[in-house]
Amino acid sequence: ASSAIICTKSNVELIYAARWCDTPTVNALLRRGVDVNHRDKFGETALMHAARAGASDIVLLLAGPRGAGADVTCANTSGETALMLAAQRGMTDIVRVLLRRKENPGGRRAYARQTNKFGDSAISLAERFGWGETLRMLENAFDLDMYIRKEAEKAVRLQKEAKVTELIGQAQHKIYGTNFIKQPS
């Protein structure tokens, strides 16, 4: 009987540790074998609390490729999933991890379009709160790998453009004693 009490206490501790972004405690509890899908009185799991708090390291521990196997599709009493909670806060890194847990592209699209009791999906929440990058990722959930590749290419291009702008500014300074192109701050 006492082992059940300890297990239940550990499950609740996992939820609190995830809520407060306490990665060492989450690690220790996972090593002890706690139930990663245990729910609080609102039906929320540790994964949902970590997603809401923006704790991407804990989301990886719970649901990442080598994670503890948390169920990314379970919903709380309002029908919200961890994906919805992350999307409404613009947590793009967490959205990426959660979408990658869905193996087939059709499942990713359905997951991004799943609605809560109020008719909101992760897509509509990201759109309502103005999280453009998160919204684009969710809308491209069908081919997430291609989207991530394009975003990486875009980042490299922007870095190159910034370097060119910097070099032009340095040349102008040498020639004219001032920069005509304002350097990004």
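Structural notes, computed from the coordinates. Remember, predicted model here, so these are calculated numbers, not experimental data.

**A word on the overall build of the chain**
Working step 1: Across its full length, the chain holds 10 helices and zero strands.
Working step 2: Tracing the chain from N to C terminus, the helices and strands come up as α-α-α-α-α-α-α-α-α-α.
Working step 3: The buried share of the chain, reckoned over its 185 residues, is 38%.
Working step 4: For the chain, the proportion of contacts with a sequence separation of at least 24, taken over those separated by at least 6, is 62%.

**Examining helix H6 (residues 92-100)**
Working step 1: Within H6, seven of the nine residues are buried, which leaves the element mostly enclosed by the surrounding structure.
Working step 2: Along H6, the residues that are buried comprise Thr 92, Ile 94, Val 95, Arg 96, Val 97, Leu 98 and Leu 99.

**Some words on the pattern of salt bridges**
Working step 1: With the rule as written, the count across this model stands at five salt bridges.
Working step 2: The salt bridge partner of Arg 19 is Asp 40, with a shortest N-O separation of 3.9 Å. In this pair, Arg 19 is assigned in helix H1 (residues 2-19) and Asp 40 in the loop between helix H2 (23-31) and helix H3 (46-53), connecting sequence segments 21 residues apart.

**Some thoughts on the packing of H3 against helix H4 (residues 56-63)**
Working step 1: Running from amino to carboxyl end, H3 crosses H4 at an angle of 155 degrees, the nearest separation of the two axes being 8 Å. With respect to their mutual orientation, H3 and H4 come out roughly antiparallel. Of the two possible hands of crossing, H3 and H4 adopt the one that is left-handed. On H4, the residues that touch Ala 46, Leu 47, Ala 50 and Ala 51 of H3 are Ile 58, Val 59, Leu 62 and Ala 63.
Working step 2: Here the contact of H3 with H4 is composed, by residue class, of eight nonpolar, no polar and no charged.

**A short note on the side chain of Asp 120**
Working step 1: Along the chain, the position of Asp 120 falls in the loop between helix H7 (105-113) and helix H8 (122-128).
Working step 2: A polar atom in the side chain of Asp 120 sits 2.5 Å from the side chain of Arg 128.
Working step 3: If we ignore the near neighbours within four places in the chain, the residues touching Asp 120 are Met 84, Gln 114, Thr 115, Leu 125 and Arg 128.

**Quick look at a nonpolar patch on the surface**
Working step 1: Together, Val 12, Tyr 16 and Trp 20 give the surface a local cluster of nonpolar side chains, amounting to about 350 Å² of exposed area.
Working step 2: Structurally, the position occupied by Tyr 16 is in helix H1.

**Quick notes on the packing of H4 against H6**
Working step 1: Following both chains from N to C, one finds H4 and H6 inclined at 10 degrees, their axes separated by 9 Å at the closest point. The angle between the axes of H4 and H6 places the two elements in the roughly parallel class. Residue-level contacts link Ser 56, Val 59, Leu 60 and Ala 63 of H4 to Ile 94, Val 97 and Leu 98 of H6.
Working step 2: A class-by-class count of the residues in the contact of H4 with H6 yields six nonpolar, one polar and no charged.

**Here we look at the nonpolar core**
In summary, soluble globular proteins display a tendency toward joint burial of nonpolar side chains.
Working step 1: Among the nonpolar cores identified, the biggest contains 43 residues, and Leu 47, Leu 98 and Leu 138 are the most heavily contacted of them.
Working step 2: Considering each element in turn, this core owes the most residues, six residues, to helix H5 (residues 82-87).
Working step 3: Excluding anything up to four places from it in sequence, Leu 138 contacts Leu 83, Ala 87, Val 95, Leu 99, Ala 112, Ala 122, Ile 123 and Ala 126.

**Details of H3**
Working step 1: Along H3, six of the eight residues are buried, which leaves the element largely enclosed by surrounding structure.
Working step 2: Restricting attention to buried positions, one finds in H3 the residues Ala 46, Leu 47, Met 48, His 49, Ala 50 and Ala 51.
Working step 3: Backbone geometry just downstream of H3 places Gly 54 in the positive-phi region, at approximately 80 degrees.

**Things to note about unusual backbone geometry**
Working step 1: If you check the backbone angles, Cys 21 has positive phi at about 55 degrees while not being a glycine.
Working step 2: Looking at Cys 21, the relative accessible area reads 38%, which means it is partly exposed.

So, how was this worked out
- Residues numbered from 1 in each chain as written.
- Predicted model: local features only at pLDDT ≥ 70, side-chain atom pairs only at ≥ 80, totals over all residues.
- Heavy atoms only, no water.
- Helix = DSSP H or I, 4+ residues; strand = E, 2+ residues; numbered from the N terminus.
- Buried < 20%, exposed > 50% of the residue type's maximum accessible area, 1.4 Å probe, protein only.
- Contact = heavy atoms within 4.5 Å.
- Salt bridge = Lys/Arg side-chain N within 4 Å of Asp/Glu carboxyl O.
- Axes fitted to C-alpha atoms, helices over the stretch in contact; angles between N-to-C directions.
- Parallel < 35°, antiparallel > 145°, perpendicular 65-115°, else oblique.
- Left-handed = near helix turned anticlockwise from the far one by under 90°.
- Nonpolar A, V, L, I, M, F, W, Y, C, P; charged D, E, K, R; others polar.
- Polar contact = N/O pair within 3.5 Å; in protein donor to acceptor, adjacent residues only side chain to side chain.
- Patch = residues over 30% accessible without salt bridge, like charges linked within 9 Å, V, L, I, M, F, W, Y side chains within 5 Å.
- Areas by Shrake-Rupley, 256 points an atom, 1.4 Å probe, with all protein chains shown as cover.
- Core = buried A, V, L, I, M, F, W, Y, C linked by side-chain atoms within 4.5 Å.

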